[in-house]
Amino acid sequence: MKSVPHATTLRRAPVQRRSAERLTRILDACADLLDEVGYDALSTRAVAQRAGVPIGSVYRFFGNKRQMADALAQRNLERYSARVAERLAEAREGGWRAAMDIVVDEYLEMKRSAPGFSLVDFGNQIPVGSRAEPNHRVADRLTELLSGHLDREPDGELRRVLLVAVETADTLVHLAFRVAPEGDQKIIEEMREMLRAYLARVLD
């Protein structure tokens with residue numbers, strides 16, 4: 001079954017498999033419609049119609065489209081984290097530089113292929129709460145994942161460094177995708193070089 005957002009993002013958490021599958025259809029429909037019509041034109045009724053569920057099913061989980069988009073962002077983060085963790089578990093060589101390439105590559109892959117991601121990503125493209133919060137959540141998750149992979153203490157220094165790296169990468173990736181639909185490769189490579197130079201201070 002596809003992942004669903006953490007229960008704290010929902011009005012009511014799905015208990016049965018059927019309910020979880022319905023929630024997945026709702027979020028999939030929300031993501032598709034974000035790509036097609038944008039956030040302003042998105043409506044809970046349109047999502048219900050696309051998902052093939054009664055409008056009451058949408059309101060069972062979400063009070064409005066803002067909450068729905070926030071749940072989609074949370075699901076994106078869960079899927080991203082799972083994919084990074086899987087790739088890190090498979091990686092045997094390359095140290096932190098290879099690990100950071102995995103972190104960046106998986107983000108770029110979602111940016112290029114995940115429906116609705118260009119507007120929502122992890123929550124910082126539309127008003128679904130504090131703009132600072134999503135990147136803090138990403139940095140926390142990466143601190144947890146990378147500290148284990150690199151056998152480092154997940155202390156305040158590592159979290160702060162990764163937060164700066166996440167903020168920097170976020171800004172430059174968005175620039176790359178404004179310049180070119182699939183992301184300007186030269187800007188992406190400049191970003192990678194900046195991250196390597198910055199992180200070497202702490203991780204070497």
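Placed above this text is the structure.
Before going into details, it helps to say that this report is about the structure given with it. In this numbering scheme, every chain counts its residues from 1 along its sequence in written order. Only residues with pLDDT of at least 70 get local features here, since the model is predicted, and only at 80 or more are side-chain atom pairs given and counted; chain-wide, interface and lining totals rely on the full set of residues. Think of the side-chain values as coming from all heavy atoms in the structure, minus any hydrogens and water.

## Observations concerning the overall build of the protein chain
The way it works is that DSSP assigns letters per residue, a run of H or I at least four long becomes a helix, a run of E at least two long becomes a strand, and they are numbered from the N terminus. Each helix and strand in the protein chain was counted, giving nine helices and zero strands. Order of helices (α) and strands (β) in the protein chain, N terminus to C terminus: α-α-α-α-α-α-α-α-α. Buried, partly exposed and exposed residues are distinguished by accessible area as a fraction of the type maximum, computed with a 1.4 Å probe on protein chains only: under 20%, between the cut-offs, and over 50%, respectively. Relative to its 204 residues, the protein chain shows a buried fraction of 45%. In this description, contact between two residues means that some pair of their heavy atoms is separated by no more than 4.5 Å. The long-range share in the protein chain, meaning contacts at least 24 apart out of those at least 6 apart in sequence, stands at 64%. For the accessible areas, the method is Shrake-Rupley and the probe is 1.4 Å, while residue cover comes only from the protein chains on display. Per element, the accessible surface of the protein chain, about 10,400 Å² overall, is 49% carbon and sulfur.

## Side note on empty space enclosed by the protein
A 1.4 Å probe that fits but cannot get out identifies a cavity on a 1 Å grid over protein atoms alone, an open set with protein on both sides within 12 Å along at least five of seven lines counts as a pocket, and a residue lines either if it has an atom within 4 Å of a point. Grid points are joined across faces, edges and corners, and a volume is the space filled by probe spheres set on the points. According to the stated counting rule, one finds two cavities of 30 Å³ or more in the structure shown. When its volume is computed, the largest cavity comes out at roughly 220 Å³. If you go around the largest cavity, you meet 19 residues; those closest to its centre are Tyr80, Tyr107, Val166, Ala169 and Asp170. Element by element, the count of residues in the lining of the largest cavity is highest for helix α8 (residues 156–179), at six residues.

## Details of the pattern of salt bridges
Salt bridge, as used here, is a side-chain nitrogen of Lys or Arg placed within 4 Å of a carboxyl oxygen of Asp or Glu. Taken as a whole, this structure holds 14 salt bridges when the rule is applied. A salt bridge links Glu78 to Arg141, with the shortest nitrogen-to-oxygen separation between them at 3.2 Å. With Glu78 in helix α4 (residues 65–90) and Arg141 in helix α7 (residues 132–150), this residue pair connects regions lying 63 residues apart in the sequence. Residue class for Glu78 comes out partly exposed when judged on its relative accessible area of 25%. Salt-bridge contacts for Arg196 lead to Asp101; the nearest nitrogen and oxygen are separated by 3.2 Å. On the criterion of sequence distance, the pair formed by Arg196 in helix α9 (residues 185–203) and Asp101 in helix α5 (residues 95–113) is long-range, its members being 95 residues apart. Each member of the salt-bridge network shares a partner with another, and the members are Asp101, Asp105, Glu189, Arg192, Glu193 and Arg196.

## Observations concerning helix α1 (residues 17–37)
Each residue after the first adds 1.5 Å to the expected span of a helix. The end-to-end C-alpha separation of α1 is 30 Å, in line with the 30 Å expected for 21 residues at 1.5 Å each. Of all the positions in α1, only Ser19, Ala20, Leu23, Thr24, Ile26, Leu27, Ala29, Cys30, Ala31, Leu33 and Leu34 are classed as buried. Along its buried surface, α1 packs onto α2 (44–51), α3 (55–61), α4 and α6 (117–120). Backbone geometry just after α1 places Gly38 at a positive phi near 85°.

## Description of the packing of aromatic side chains
Note on ring pairs: Phe, Tyr and Trp rings are taken, using the six-membered ring of Trp, and paired if centres are within 6.5 Å. Classes follow the plane angle, with under 30 degrees stacked, over 60 edge-to-face and the rest tilted. Applying the stated criterion across every chain yields a total of six aromatic pairs. Between Tyr80 and Phe122, the ring centres sit 5.2 Å apart and the planes meet at 45°, which makes this aromatic pair tilted. Residue Tyr80 is found in helix α4, and its partner Phe122 is found in the loop between α6 and α7; the two are separated by 42 residues along the sequence. Between Tyr107 and Phe117 the ring centres are 5.7 Å apart and the planes differ by 65°, which places this aromatic pair in the edge-to-face class. Of this pair, Tyr107 sits in helix α5 while Phe117 sits in helix α6, placing them ten residues apart in sequence. Exposure class is identical for Tyr107 and Phe117. Each is buried. Following the ring pairs from residue to residue traces out a cluster consisting of Tyr80, Tyr107, Phe117 and Phe122. Any Lys NZ or Arg CZ found within 6 Å of a ring centre and within 35 degrees of that ring's normal is scored as a charge over the ring. When the ring centre of Tyr39 is taken as origin, the NZ or CZ atom of Lys65, which lies over that ring, is 4.6 Å away.

## Notes on the packing of α4 against α5
Axis lines are fitted to C-alpha atoms, over the contacting stretch for helices. Their N-to-C directions set the angle, which ranges from 0 to 180 degrees. The N-to-C vectors of α4 and α5 enclose an angle of 140°; their axes lie 10 Å apart at closest approach. In terms of orientation, α4 and α5 fall into the oblique class. The element α4 and its partner α5 pack so that their crossing is right-handed. Contact with α4, carried on its side by Asn76, Tyr80, Arg83, Val84, Arg87 and Leu88, involves Ala99, Ile102, Val103, Asp105, Glu106, Tyr107 and Met110 of α5 and no other residues of that element. The residue classification treats Ala, Val, Leu, Ile, Met, Phe, Trp, Tyr, Cys and Pro as nonpolar and Asp, Glu, Lys and Arg as charged. All others, Gly included, are polar. Taken together, the residues that form the contact of α4 with α5 break down as eight nonpolar, one polar and four charged. For classification, angles of less than 35 degrees are called roughly parallel, those exceeding 145 degrees roughly antiparallel, those between 65 and 115 degrees roughly perpendicular, and all remaining angles oblique. Here is the rule for handedness: rotate from the far helix to the near one, and if that takes an anticlockwise turn smaller than a right angle the crossing is left-handed, while a clockwise turn gives right-handed.

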